[in-house]
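Single-letter residue listing:
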Amino acid sequence: MEDVEASHGYIVCPNGYTPAAERRAQESVSIRLLPLDRLEDFEPSTWPRCLAPRCRNGRIFWDGYPALDLMLVSVDRPHSTPKRVTFVHYVGKCDRCGRFHVKCMACHEMFSPTYESDDDHRVTCRCQHPWFWLASIEEDDRGGKSAELRLIAGIDKIWTVDRRSC
Ligand SMILES: [Zn+2]
Ligand SMILES: [Zn+2]
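To keep things clear, this report deals only with the structure shown in the data block. Being a predicted model, the structure only gives us computed values, none of them experimental.

The next subject is the coordination of the zinc ion (ligand 2). On the protein side, the zinc ion (ligand 2) has Cys104 (SG), Cys107 (SG), Cys125 (SG) and Cys127 (SG) as donor atoms, found 2.2 to 2.4 Å from it. Bound by 4 donor atoms, the zinc ion (ligand 2) shows angles of 107 to 113 degrees at the metal and therefore tetrahedral coordination geometry. On the primary sequence, the residues serving as donors to the zinc ion (ligand 2) are separated as C-x2-C-x17-C-x1-C. Highlighted residues: Cys107 in the loop between strand S6 (100-104) and strand S7 (110-111) and Cys125 in the loop between S7 and strand S8 (132-139), separated in sequence by 18 residues. Across the pair, Cys125 and Cys107 agree in class, each one buried.

Next up on the list: the nonpolar core. By size, the foremost hydrophobic cluster in this structure holds 18 residues, and its most contacted members are Trp131, Trp133 and Leu149. For this core, the secondary-structure elements that each account for two or more residues are strand S4 (67-72), strand S5 (83-94), S6, S8 and strand S9 (145-154). If you look at the next biggest cluster of nonpolar residues, it comprises 12 residues, including Leu34, Ala52, Tyr90 and Cys94.

Our next topic: the packing of aromatic side chains. Scanning the entire structure with this criterion turns up 7 aromatic pairs. Judged by centre distance (6.4 Å) and plane angle (65 degrees), the ring pair of Tyr10 and Trp47 falls under edge-to-face. Taken together, the residues Tyr10 in strand S1 (residues 9-13) and Trp47 in the loop between strand S2 (31-35) and strand S3 (60-64) connect sequence positions 37 residues apart. When the ring of Tyr10 is compared with that of Phe61, the centres are 6.1 Å apart and the planes differ by 35 degrees; the resulting orientation is tilted. In this pair, Tyr10 sits in strand S1 while Phe61 sits in strand S3, placing the two residues 51 residues apart along the sequence. Taking relative accessible area as the criterion, Tyr10 reaches 33% and is therefore assigned partly exposed.

Strand order across the open sheet formed by 3 strands is S8-S9-S10, with antiparallel pairing between neighbours. A strand with exactly one partner marks an edge of an open sheet, and here the two such strands are S8 and strand S10 (157-165). Across the sheet, the mean angle separating the axes of adjacent strands is 30 degrees when strand polarity is ignored. Of the pairings in the sheet, the one linking S8 to S9 comprises 8 bridges and is antiparallel in character. In the sheet register, Ala135 faces S9, and the bridge partner there is Leu149.

Pairs can form between side chains of opposite charge once their charged atoms are near each other. Scanning the model with the defined rule gives 8 salt bridges in all. As a salt-bridge pair, Arg150 and Glu138 come within 3.3 Å of each other at their nearest N and O atoms. Linking Arg150 in strand S9 with Glu138 in strand S8, this pair joins segments that are 12 residues apart in sequence. Overall, the relative accessible area of 24% leaves Glu138 in the partly exposed class. Put simply, Glu148 and Arg150 hold a salt bridge, and the shortest N to O gap is 3.0 Å.

The rules behind the values
Residues numbered from 1 in each chain as written. Chains lettered and ligands numbered in written order. Predicted model: local features only at pLDDT ≥ 70, side-chain atom pairs only at ≥ 80, totals over all residues. Heavy atoms only, no water. Donors = N, O, S within 2.8 Å, 3.2 Å for Na, K, Ca; no water. Tetrahedral: all angles 85-135°; square planar, octahedral: opposite > 155°, others 65-115°. Helix = DSSP H or I, 4+ residues; strand = E, 2+ residues; numbered from the N terminus. Buried < 20%, exposed > 50% of the residue type's maximum accessible area, 1.4 Å probe, protein only. Core = buried A, V, L, I, M, F, W, Y, C linked by side-chain atoms within 4.5 Å. Phe/Tyr/Trp six-rings, centres within 6.5 Å; stacked < 30°, edge-to-face > 60°. Pairing = 2+ DSSP bridges. Axes fitted to C-alpha atoms, helices over the stretch in contact; angles between N-to-C directions. Salt bridge = Lys/Arg side-chain N within 4 Å of Asp/Glu carboxyl O.

Right under this line is the structure:
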């Protein structure tokens, strides 16, 4: 990528990828791992614009697709068999300013959790699901700092779904 001054790189992964490879790609912002089944609808020109007010021409670089299942029971028929419904989200970063973005594929709302202060910045979409999103700065064992985007569905249900170095 440096040799040809490419701004973005895509690594197509027909056989999946390791957690370490995913982490390195997330930290680099502009390298994306692309599972083979995502190749068909891969179209960078349709990527949405960054929501940060002062970001110029940033585009959101989707790099993860976390999904959560809910068991839903009809209000009218409370004793009916619960139905499993999967809610998919797109998560990614702006290719200019690095800000995290989340898109809920149920309501198509896009939002941007920030980490500008220690205040509670939990973010949800209008679906009002029992989970929320939080961005924070984390420090690893070696003192390196990274920004992390977390999906939080309960005390023991916290997933880091995206990250970048800072
Ligand atoms: Zn931006
Ligand atoms: Zn939603």
